[in-house]
Amino acid sequence: MMNKIRRYWNQNRRKIIFGVIMIAFIILIIQILNEMAKRDIKNEVSKENIISDLPTQSIITGEKVDVKITEENVNSIDQFIKACNNKDTSLAYSFLSDECKEALYSTEEAFVQYYYNYVFDDIKTYKIENYRNANPYYTYDVKFYTDTISTGKVQDSNIYQDYITVNKQTNKLNINQLIYGKDIQKSSESDGVKITVLKQYIYKGYEEYQIEISNNTDKEIMIDSREENRSVYVVETDNASYSAFLNEIASNLYNIPSYFSRKYRIKFNKIYKANVTPKKIVFTQIVPDYEQFKNQQEVEKKRIRIEVEL
């Protein structure tokens, strides 16, 4: 029996070896194809999960945003956060829009001091939700959490919340609740007092305007008598009005000498609403003659009202 097997092996050695190799090769190919099929199925499931988890729907209005646009927006925010986590502040700063730099962080050093050092004191993970959308501005509610795996710290209560807006015209970011900013350059004048609204900055929780007030008279004026609570306000396109935070202006800056101008950054108590824009800013209690105003015996004290259409 053994002799027959040995003789058969000697006579057919090449065929047997070739057959074994072919069987092994076929088994290997089958295993590879099975693994590729499993990977494809896993990738499809992962892709479905990613799409379902994308913040395409506004938590405020229920409005939905295209998946591709949302993917691009989330990727922009993710790249910014990765740069911050990697301590590459130059790269992170480059993601910011010109309007954001102008309004909040004119230099990289300012960005590092007033945002990066405060938010990214540790490695951060994040959760993102769609807040409001008004093309080309897409605003997201971003909550930052300390990455306990990387830092070894447990700080579940230490959450920083920001509202980050993607400007699709530039694919740049507005951070620290800034929605958008733009040039206005509109003015109005009365009785030698000229008010020019230079720039507008819309934040999630308030609006801010850069305003220049020029005194073209020979009298010292005061921009507000401070006798009324709602003497300076902004009117929106829905005709709602919102008062200014004049208390944030230093007392010594209320007065403007004759033939002199001052620039102010004035905030208004207005929460952001998409598709509702400012229509005009109104000053109702400008004092044209401060010396006369100080005279308590004066019965009638003149006031100037100036409205600047935006």
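Residues numbered from 1 in each chain as written. Predicted model: local features only at pLDDT ≥ 70, side-chain atom pairs only at ≥ 80, totals over all residues. Heavy atoms only, no water.

K.L.:
Explain the pairing of strand 6 (residues 193–203) to me, please; I cannot follow it from the model alone.
P.N.:
For a regular strand, side-chain orientation follows a simple rule: the groups alternate between the two sheet faces. The element strand 6 is largely enclosed, with a buried count of 10 among its 11 residues. In this structure, strand 5 (residues 178–190) lies alongside strand 6, joined through 10 bridges in antiparallel fashion. In the sheet register, E189 faces strand 6, and the bridge partner there is K194. Linking two consecutive strands that pair antiparallel, namely strand 5 and strand 6, is a turn of 2 residues; a positive phi of about 50 degrees is found at D191 within it. Relative to strand 7 (residues 207–215), strand 6 is paired through 9 bridges, and the arrangement is antiparallel. Paired with I202 across the bridge in strand 7 is E207. Between the antiparallel neighbours strand 6 and strand 7 lie 3 residues. (Buried < 20%, exposed > 50% of the residue type's maximum accessible area, 1.4 Å probe, protein only. Helix = DSSP H or I, 4+ residues; strand = E, 2+ residues; numbered from the N terminus. Pairing = 2+ DSSP bridges.)

K.L.:
Honestly, helix 2 (residues 67–85) in this entry has me stumped. Any pointers?
P.N.:
Structural remark: α-helix, 3.6 residues per turn; residues separated by three or four positions point the same way. Spanning 19 residues, helix 2 covers 26 Å between terminal C-alpha atoms, matching the ideal 27 Å at 1.5 Å per step. Along its buried surface, helix 2 packs onto helix 3 (89–94), helix 5 (108–119), strand 1 (124–134), strand 2 (137–146), strand 3 (159–167) and strand 4 (172–174). One side-chain oxygen of the residue at the start of helix 2 lies 2.9 Å from the amide nitrogen of K68, identifying that residue as D66. Among the residues trailing helix 2, K87 stands out with phi positive, at a value near 65 degrees. (Expected span 1.5 Å × (residues − 1). Contact = heavy atoms within 4.5 Å. Polar contact = N/O pair within 3.5 Å; in protein donor to acceptor, adjacent residues only side chain to side chain.)

K.L.:
It is not clear to me how the pattern of salt bridges should be interpreted in this structure. Could you clarify?
P.N.:
For the structure on display, the rule yields 16 salt bridges. A salt bridge links K199 to E102; the shortest N-O distance between them is 3.5 Å. On the criterion of sequence distance, the pair formed by K199 in strand 6 and E102 in helix 4 (residues 98–103) is long-range, its members being 97 residues apart. The partly exposed category is assigned to E102, whose relative accessible area is 43%. The partner of K124 in a salt bridge is D121, with the nearest N and O atoms 2.7 Å apart. Assessed through its relative accessible area of 5%, K124 is described here as buried. Where salt bridges share partners, they join E102, D183 and K199 into one cluster. (Salt bridge = Lys/Arg side-chain N within 4 Å of Asp/Glu carboxyl O.)

K.L.:
Any chance you could explain unusual backbone geometry here in plain terms?
P.N.:
Peptide bonds are mostly trans, and most non-glycine residues show a negative phi. Following N135, the chain continues into P136 via a peptide bond in cis, with omega recorded as 10 degrees. With a phi close to 65 degrees, K87 is a non-glycine residue in the positive phi region. Looking at K87, the relative accessible area reads 63%, which means it is exposed.

K.L.:
Please explain the packing of aromatic side chains as it appears in this structure.
P.N.:
Remark: the centre distance and the inter-plane angle together describe each pair of aromatic rings, the angle taken between the planes. Applying the stated criterion across every chain yields a total of 16 aromatic pairs. When the ring of Y137 is compared with that of Y180, the centres are 4.9 Å apart and the planes differ by 25 degrees; the resulting orientation is stacked. You can see Y137 sitting in strand 2 and its partner Y180 sitting in strand 5, a full 43 residues away along the chain. Comparing Y137 with Y180 shows no difference in burial state: the two are buried. With centroids separated by 6.2 Å and ring planes inclined at 40 degrees, the aromatic side chains of F144 and Y160 adopt a geometry described as tilted. Here F144 is found in strand 2, whereas its partner Y160 is found in strand 3, with 16 residues between them in sequence. Of the two residues examined, F144 and Y160, each falls in the buried class. The structure contains a cluster of three or more aromatic residues connected by ring pairs, namely F80, Y93, Y105, F111, Y115, Y116, Y118, F120, F144 and Y160. Cation over ring: K101 sits above Y93, and NZ or CZ is 4.5 Å from the ring centre. Above the plane of the ring of Y254 lies R226, whose end atom (NZ or CZ) is 4.1 Å from the centre. (Phe/Tyr/Trp six-rings, centres within 6.5 Å; stacked < 30°, edge-to-face > 60°. Lys NZ or Arg CZ within 6 Å of the ring centre and 35° of its normal.)

K.L.:
Honestly, helix 5 in this entry has me stumped. Any pointers?
P.N.:
When helix 5 is considered as a whole, its buried residues turn out to be A110, F111, V112, Y115, Y116 and V119. The inward-facing, buried residues of helix 5 contact helix 2, helix 3, strand 1, strand 2 and strand 3.

K.L.:
When you look at the sheet that holds strand 14 (residues 304–309) in this model, what are you seeing that I'm missing?
P.N.:
Sheet strands pair by backbone hydrogen bonding; their relative direction is either parallel or antiparallel. Strand order in the open sheet formed by 4 strands is 10-9-13-14, and the pairing between neighbours is antiparallel. Only two strands of the sheet have a single neighbouring strand rather than two, namely strand 10 (241–243) and strand 14. The mean inter-strand angle of the sheet, taken between neighbouring strand axes irrespective of direction, is 20 degrees. (Axes fitted to C-alpha atoms, helices over the stretch in contact; angles between N-to-C directions.)

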